[in-house]
Amino acid sequence: MKVIVASEKVAQALPSKLFGSKIRNEVIRLIADNEALTLQGAAYLGSVFRASVPAQVLEQGEVVVDAKFFRQLISAFKFHEIELSKKENDRRLTLRCNTDKCFSEYKIPCFDDDAEPSKEIIGQFNLEEAEPVLTVNDDLLKTLTRLRPFLSSIDACFIITPEDHEHVRLFAIQSAIAATTTVYAESFLKEGDGLVLPDTAVASLTAPSVISRIRRDDELEALVTVHEYGFVAHRTFPFSERANYARQVMNFLNTPAQLEFSPSWNLLYHLKDILKIAPPDARRSHRTRILWDFKEQKVKALAVDYYSDATELFVSSEFPTWSSPDGKLPKDQIVISAELLTLALQFVPRPERFEFFISHSVPILRIVNRNDAVVVACMKTEEEQTPEVQEVGDDD
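Summary of the structure given here. On a predicted model such as this, the values are computed, not experimentally measured, just so you know.

**Regarding the overall build of the protein chain**
Looking only at helices and strands, one finds 8 helices and 26 strands in the protein chain. Here the protein chain, with 396 residues, has 50% of them falling under the buried criterion. Restricting the contact set of the protein chain to residue pairs at least 6 apart, pairs at least 24 apart contribute 63%. About 20300 Å² of surface is accessible on the protein chain, with carbon and sulfur atoms providing 46% of the total.

**Description of helix α2 (residues 67-76)**
Every buried residue belonging to α2 is among A67, F70, L73 and I74, and all of these are buried. For α2, the angular spread of the buried residues around the axis is 135 degrees, confining them to a single face. Capping the start of α2 is the job of one residue whose side-chain oxygen sits 3.2 Å from the backbone nitrogen of K68: D66.

**Comments concerning the environment of L141**
Within the secondary structure, L141 is located in helix α4 (residues 138-147). Each C-alpha atom of the pair L141 and A207 lies 6.9 Å from the other, and the pair is 66 residues apart in sequence.

**Focus on the sheet that holds strand β13 (residues 177-184)**
Pairing is antiparallel across the open sheet formed by 9 strands, whose spatial order is β14-β11-β12-β13-β26-β25-β24-β18-β22. Edge strands, defined here as strands with exactly one partner in the open sheet, are β14 (195-197) and β22 (321-323). In this sheet, neighbouring strand axes are inclined to one another by 20 degrees on average, regardless of whether the strands run parallel or antiparallel. Relative to β22, strand β18 (residues 259-262) runs antiparallel, the two being bridged by 3 bridges.

**A closer look at the pairing of strand β24 (residues 353-359)**
Two faces belong to every sheet, and in a regular strand the side chains alternate between them. Counting buried residues along β24, 5 of its 7 residues qualify, which places the element largely inside the surrounding structure. Two strands pair when backbone bridges link them, and β18 and β24 are joined in this way by 3 bridges, in the antiparallel orientation. Each bridged residue has a counterpart across the sheet, and for L259 the counterpart in β24 is F356. Strand direction decides the pairing type here: β24 and strand β25 (residues 362-369), joined by 7 bridges, are antiparallel. By the bridge assignment for β25, S359 is matched with V362. From the end of β24 to the start of β25, which pair antiparallel, there are 2 residues, and H360 there has a positive phi angle of about 55 degrees.

**Details of helix α6 (residues 239-254)**
Relative to the 22 Å expected for 16 residues at 1.5 Å per residue, α6 spans 22 Å between its end C-alpha atoms, a close match to the ideal helical length. Within α6, burial applies to F239, R242, A243, N244, Y245, A246, Q248, V249 and F252.

**A look at the environment of D193**
Assignment of secondary structure puts D193 in the loop between β13 and β14. For D193, a relative accessible area of 16% translates into the label buried. Linking D193 and P162, residues 31 residues apart in sequence, is a C-alpha distance of 7.5 Å. Residues contacting D193, with those up to four places away along its chain left out, are T161, P162, R213, R215 and F239. At 2.8 Å, the side chain of D193 and the side chain of R213 are in polar contact.

**Examining the nonpolar core**
Of all hydrophobic cores here, the largest spans 56 residues; its most connected members are F150 and W292. If we ignore the near neighbours within four places in the chain, the residues touching F150 are A156, A172, Q174, I177, A179, L343, A344, F347 and V374. Core analysis: the next-biggest nonpolar cluster, separate from the first, contains 31 residues, V5, A32, F49 and L95 among them.

**Overview of the pattern of salt bridges**
As a working rule, side chains carrying opposite charge can pair if their charged atoms are close by. Under the counting rule described, the total for this entry stands at 17 salt bridges. A salt bridge links R353 to E352; the nearest nitrogen and oxygen atoms lie 3.8 Å apart. Classification of E352 as partly exposed rests on a relative accessible area of 40%. The network of salt bridges with common partners includes E83, R96, E105 and K107.

**With respect to the packing of aromatic side chains**
Scanning all chains against the criterion turns up 9 aromatic pairs. An angle of 70 degrees between the planes, with centres 5.9 Å apart, marks the rings of F77 and Y106 as edge-to-face. With F77 in the loop between α2 and β7 (81-85) and Y106 in strand β9 (residues 103-111), the pair connects residues that are 29 residues apart, well separated along the chain. With relative accessibility at 35%, the residue Y106 sits in the partly exposed group. Centre to centre, the rings of F261 and F294 are 5.8 Å apart; their planes meet at 75 degrees, and the pair counts as edge-to-face.

**Details of the environment of I211**
Mapped onto the elements, I211 comes out in strand β15 (residues 209-216). Accessibility expressed as a relative area gives 2% for I211, which makes it buried. Between the C-alpha atoms of I211 and V226, which are 15 residues apart in sequence, the distance is 7.8 Å. Look past the residues within four positions of I211 in its chain and what remains in contact with it is E131, P132, V133, L134, V136, L197, L205, L223, V224 and T225.

Calculation notes
- Residues numbered from 1 in each chain as written.
- Predicted model: local features only at pLDDT ≥ 70, side-chain atom pairs only at ≥ 80, totals over all residues.
- Heavy atoms only, no water.
- Helix = DSSP H or I, 4+ residues; strand = E, 2+ residues; numbered from the N terminus.
- Buried < 20%, exposed > 50% of the residue type's maximum accessible area, 1.4 Å probe, protein only.
- Contact = heavy atoms within 4.5 Å.
- Areas by Shrake-Rupley, 256 points an atom, 1.4 Å probe, with all protein chains shown as cover.
- Arc of directions from axis to C-beta.
- Polar contact = N/O pair within 3.5 Å; in protein donor to acceptor, adjacent residues only side chain to side chain.
- Pairing = 2+ DSSP bridges.
- Axes fitted to C-alpha atoms, helices over the stretch in contact; angles between N-to-C directions.
- Expected span 1.5 Å × (residues − 1).
- Core = buried A, V, L, I, M, F, W, Y, C linked by side-chain atoms within 4.5 Å.
- Salt bridge = Lys/Arg side-chain N within 4 Å of Asp/Glu carboxyl O.
- Phe/Tyr/Trp six-rings, centres within 6.5 Å; stacked < 30°, edge-to-face > 60°.

Following this line, the structure appears as structure tokens:
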């Protein structure tokens, strides 16, 4: 294999955002053939990409190399031609760059052919079957990026459903918290249909672009985005398997509030301040809880250890004004994880109101600001003898 190619073209074609910190031992396949250098690879949860750039192919061939190392080297040779070569029995790919100032040569270790599975995966995708379903604009991409912190658990996912032809409703859902908002974006989805976007799909999106869908026997197989040099495809779940998550969140949004209170800016400032000072950390023996005590008219931040012993970190004498339809409190205290509250206030930094209700014995806090809303499953207090807390999105 021997090929001469412009390094900036290769750097542009590489979907660097496809690979994240969760990926280990990522590799990429380089194919020199038909006056082009083709790059393809597989990543997290079956995501694949393929891109081809014009090149001077002196000897045909293909090789599998470490993706991270290759990407770092390519980015170091901007606006220069590079030569990639590999002898038949050599286990290393040679990268050469000869400029007026210096000559550079690097040896990149190669992997066995079966270490990179993109050939088999890409062969399962028939791009001619892809149907456009969603246009990605700047507004949608910014909102998706803002919601990405919600995808920190294994069962987390993005869901997009149609509102009308020009708007979609976007959900970010994990086990005990869900955020939703309406975004301007052209959609070709029909009523009752939707998309489930994996995190890798969001990480590799650019605007403007179009997401297409490949179905096989009415089963969702992959989401595909086409770019200048090729395409990126992501395996995902059928919407039918995740539709109940969106329906459950919509039920939570439409459930009448049993208690409403509007926190002042001063109280929000103190809350955000204590969340920065004492962030929750799973590696420590304490977790931070935020408690609204309606009897004492105080907001407290508590450090709770594994033995349920609580230490007060912060107490605010300022308490929000509250109201309820019947003038009674559904609960004397509301306790919420500081970690979940931090996520909620990242998405709704200036909430208009906090709303509280109980659904199927689960205490739920709803944080609302215009089109943005977050629903959070609250903690059970010691005096409550309620069933196990359901996860957001579970069946009733």
